[in-house]
Amino acid sequence: MSDDQDRRHDPDAPEWLNEPQDEQDPLLDDPSGRGHHAVVPAREPLPERIYLLPIHNRPFFPAQVQPLVINRERWEETIERVAKTPHHTVGLAFVGEAAVEGLAHGDFPEIGTAVKVHKLQGEEGQLQFIAQGLQRFRIQRWLSKEPPYLVEVSYPREPVDAEADEARAYAMSLINGIKELLPINPLYGEELKHYLNRFSPHEPGPLTDFAAAITSAKGRELQDVLATLPVLARMQKVLPLLRKEIEVAQLQSEISDQVNAQMQERQREFFLREQLKVIQRELGISKDDRENDVDTFRDRLESLVVPPKVLTRIEEELDKLAVLETGSPEYGTTRNYLDWLTSMPWGVRSQDQLDLAHARQVLDRDHDGLADVKERIIEFLAEGTFKGDVGGSILLLVGPPGVGKTSIGRSIAEALGREFYRFSVGGMRDEAEIKGHRRTYIGAMPGKLVQALKEVEVENPVIMLDEIDKMGQSFQGDPASALLEVLDPEQNVDFLDHYLDVRLDLSKVLFVCTANTLDAIPGPLYDRMEQIRLSGYIAEEKLAIARNHLWPRLLQRANIPKKRINLTAAALRQLIEGYAREAGVRQLEKQLHRIVRKAAVTLLEDDQPTVKVSVKNLEAYLGAPLFRKEQVLTGEGVVTGLAWTAMGGATLPVEAGKVHSLTRGFKLTGKLGEVMQESANIAYSYVLGHLAEFGADADFFDSAFVHLHVPEGATPKDGPSAGVTMATALLSLAKHRAIERPLAMTGELTLTGQVLPVGGIREKVIAARRSGIFEVLLPDANRRDYDELPDHLKEGMTVHFARRYRDVARVVFG
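Residues numbered from 1 in each chain as written. Predicted model: local features only at pLDDT ≥ 70, side-chain atom pairs only at ≥ 80, totals over all residues. Heavy atoms only, no water.

## Side note on the overall build of the protein chain
Piece 1. The helix and strand tally for the protein chain stands at 28 helices and 24 strands.
Piece 2. Taking all 814 residues of the protein chain together, the buried fraction comes to 47%.
Piece 3. Of the roughly 40,800 Å² that the protein chain leaves accessible, carbon and sulfur atoms contribute 49%. (Helix = DSSP H or I, 4+ residues; strand = E, 2+ residues; numbered from the N terminus. Buried < 20%, exposed > 50% of the residue type's maximum accessible area, 1.4 Å probe, protein only. Areas by Shrake-Rupley, 256 points an atom, 1.4 Å probe, with all protein chains shown as cover.)

This is the structure we're talking about:
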């Protein structure tokens, strides 16, 4: 059969590819060519001028016969010219990873392989042919340095070393290596057949080339072999490559055998298990998966006291499960539903420890300070002692960050001997997080409350809803409204979770909620809770907390003995006053942690037995103090007020000054909110109308442009508690009398001179003490709030109560 008959007809190929090629390239006219199908003998003269094709993956060896695929668009002209030659020979040169676009004649190696082109075919932008390796060539001269590349070549001799015995030994090693590879991979056997059809196994040169060709060595290593002309030197390079190939092939074979053995073992175990199941089922001594599931659910029910309606639903679902196929989606949905229903702690309750002495011990052990909060919790537990149950109550712990709200919830659970479960509702936008999803949805789950009961395995745990003031709303619903049913003692007896779709009794659960402020809590939700306010700590309380709780805990976490880091009491007090003035103790703990870290470095690097942290070297550990000692502003028109913030209490100085006497006017600055602006205008109007009553010039404001400012103007300020302070500042300006003694005040003012009550009395008293002010003026209506403060906060304080503003003026100005 001719080659033209063998070649498939390609309608897109040029004519020279589909028709017999009889014409000869005048550049390559060689009368020794033997036609398109002639197999060139090893010693047949080869053309002195050949075209070049670059190859990238690995070099081509004379002992190889392999198909090659090249890009038609780029190399079509080259192959066309080769096809017109009588010898159909082309040179293959290894160029490595060099890009074809920027290929220069310098990228071609000096040594390449001349190959015979057989069975040329073209398909889909590619040309494919079978390359028959003939002989090495050396480039002597470049005739064309642009594609198609044309070179003048010579065919160097491949000398066999005179030491025939050594060459024969290397040849035997190569043959033995090839024999080792043959059983491992059948592809080696196919390549060996092509080799034996063309060469004798006793020819060392082709044998060495064949051994190199069947290895998976890198292209540069193989090009080095190709360029080595002495056969013995070539053998010395190829033998290590062949041994490495044998090792890799053996390792791959071992891995394959191990994988096959494991697969066969697993298949064998699978078939044996299936046979065992059939045998056991026939003998009646085994159950299938469906029966096992049903029995598991029934076993769970034996230790529970399930309400009748719920039990009826469970029986219906069990009957449904018994007739479903185990592979159906409905089976999985029903099984999951029964799993949740039977995992609920129906009728399982823990026994409450209603022991007030034990409760006091737990609260005092876990918390320093907070005496009023502890007493409130003891009262709550005492009431539960008489009722015999503390369930159904909802406590709301309100206070700044870091004052211990979450830890108090844990202490309550421990004092009662109940299980504790906490989850945060901050940022929650989907009411399904509370009430669950419908079972019809893919991936449906019960709500957080059902998940909590499943985890704690009792009906009466303590469940903490953290950050209840930070819930959000979205198109998926309002979780705050979903909590109304949960936190209402009249409704949560029959709480309905959308996933379970049966009534659940939450009346035995003690809910403890936490919040930083009350503003964001919806009124109906807040109405269902009993508020316990946690204010900030004063310096003495922080000192005790740091010494008894924070410092020992940090040392224990770091696994550092207490004796190795000595933190003096004076340094601890300085740390509290200069670095951690916030209401809580979170910042205090961070600063103490910094000391522990830096002290650990000192212990290791300086090899010291102990480290002492005192007032002298505190700044070396923490840097310069973050807070400077608050200076109480004094002067004409300057009054110190008291404010409440979400971070605790703070002093708020108010300054009033006369700008000029050209015109009458009133200006406000200090980033004041709408409520404070109203308070300022009311104070201005009241003072303006009662100047003579308070002994000031009645015409003072008629020609005075007054500027009222609250310092730290970048900080937004708002709230109904600055009216009295602003009025006093304006009156001080009008009377030209400064308040020389440290005095702080709070209260709202009306146009008729009434002093209205305000909130946050505890925080404001703490702020006054922190600033060194021990004389405070409060509204008379807040007398009860002050009386309820702990004795250590009232110690050394002088407090004046005012019903009307004239009482304020009498205290301030005499």
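So that's the structure; there's more coming.
## Overview of the pattern of salt bridges
Piece 1. Within this structure, the stated rule accounts for 34 salt bridges.
Piece 2. Two residues, Asp501 and Arg313, come together in a salt bridge whose shortest N-O distance is 3.8 Å. One end of the pair, Asp501, is in the loop between β10 (495-496) and β11 (503-504); the other, Arg313, is in helix α10 (residues 308-323), and 188 residues separate them in sequence.
Piece 3. Given a relative accessible area of 33%, Asp501 falls into the partly exposed group. (Salt bridge = Lys/Arg side-chain N within 4 Å of Asp/Glu carboxyl O.)

## Description of helix α24 (residues 723-735)
Piece 1. Between its first and last C-alpha, α24 extends 18 Å over 13 residues, near the 18 Å set by a 1.5 Å rise per residue.
Piece 2. The buried fraction of α24 amounts to 13 of the 13 residues, a majority that puts the element mostly inside the structure.
Piece 3. Two residues or fewer past α24, His736 is found with a positive phi of approximately 55 degrees. (Expected span 1.5 Å × (residues − 1).)

## Remarks on the packing of aromatic side chains
Aromatic ring pairs are reported here in terms of the distance separating the ring centres and the angle at which the planes meet.
Piece 1. For the structure on display, the rule yields 14 aromatic pairs.
Piece 2. Summarising the aromatic geometry, the rings of Tyr686 and Tyr805 are spaced 5.6 Å apart at their centres and angled 75 degrees between planes, so their arrangement reads as edge-to-face. Residue Tyr686 is found in helix α23 (residues 674-689), and its partner Tyr805 is found in helix α28 (residues 805-813); the two are separated by 119 residues along the sequence.
Piece 3. Consider the rings of Tyr786 and Phe801, whose centres lie 6.1 Å apart with planes at 70 degrees: the pair is edge-to-face. A residue pair is termed long-range when its members are at least 10 positions apart, and Tyr786 in helix α26 (residues 783-787) and Phe801 in strand β24 (residues 798-802) qualify at 15 residues.
Piece 4. With relative accessibility at 8%, the residue Tyr786 sits in the buried group. (Phe/Tyr/Trp six-rings, centres within 6.5 Å; stacked < 30°, edge-to-face > 60°.)

## Regarding the environment of Glu541
Piece 1. In this fold, Glu541 is placed in helix α19 (residues 539-558).
Piece 2. Accessibility expressed as a relative area gives 7% for Glu541, which makes it buried.
Piece 3. A sequence separation of 174 residues divides Glu541 from His367, and the C-alpha atoms of the two residues are 9.9 Å apart.
Piece 4. Not counting residues up to four positions away in its chain, the partners in contact with Glu541 are Gly369, Leu370, Gly536, Arg762 and His792. (Contact = heavy atoms within 4.5 Å.)

## Let's talk about the side chain of Thr334
Piece 1. Following the sequence through the fold, Thr334 ends up in helix α11 (residues 329-343).
Piece 2. Excluding residues that lie within four positions of it along the chain, Thr334 makes contacts with Glu317, Lys320, Leu321 and Leu324.

## Digging into the sheet that holds strand β13 (residues 530-533)
Piece 1. Pairing is parallel in the open sheet, where 5 strands are placed in the order β8-β9-β12-β7-β13. Only two strands of the sheet have a single neighbouring strand rather than two, namely β8 (420-424) and β13. Neighbour-to-neighbour, the strand axes of this sheet turn through a mean angle of 20 degrees, independent of strand direction.
Piece 2. Where β8 and strand β9 (residues 462-466) come together, 5 bridges link them in parallel fashion. (Pairing = 2+ DSSP bridges. Axes fitted to C-alpha atoms, helices over the stretch in contact; angles between N-to-C directions.)

## Side note on the pairing of strand β7 (residues 394-398)
Piece 1. Extensive coverage of β7 is indicated by the burial of 5 of its 5 residues.
Piece 2. Side chains Ile394, Leu396 and Val398 project from β7 onto one buried face, and the interleaved Leu395 and Leu397 project onto a second face that is buried too.
Piece 3. Here β7 pairs with strand β12 (residues 510-515) via 5 bridges, running parallel. Bridge assignment links Leu395 to a residue of β12, and that residue is Val512.
Piece 4. Strand direction decides the pairing type here: β7 and β13, joined by 4 bridges, are parallel.

## Points about a negative patch on the surface
Piece 1. On the surface, Glu540, Glu577, Asp791 and Glu795 cluster together to form a negatively charged patch.
Piece 2. As for its placement among the helices and strands, Glu540 is situated in helix α19.
Piece 3. With relative accessibility at 45%, the residue Glu540 sits in the partly exposed group. (Patch = residues over 30% accessible without salt bridge, like charges linked within 9 Å, V, L, I, M, F, W, Y side chains within 5 Å. Lys, Arg positive; Asp, Glu negative; His and termini not counted. Charge placed at Lys NZ, Arg CZ, Asp CG, Glu CD.)

Nothing here speaks to function; it is all geometry.
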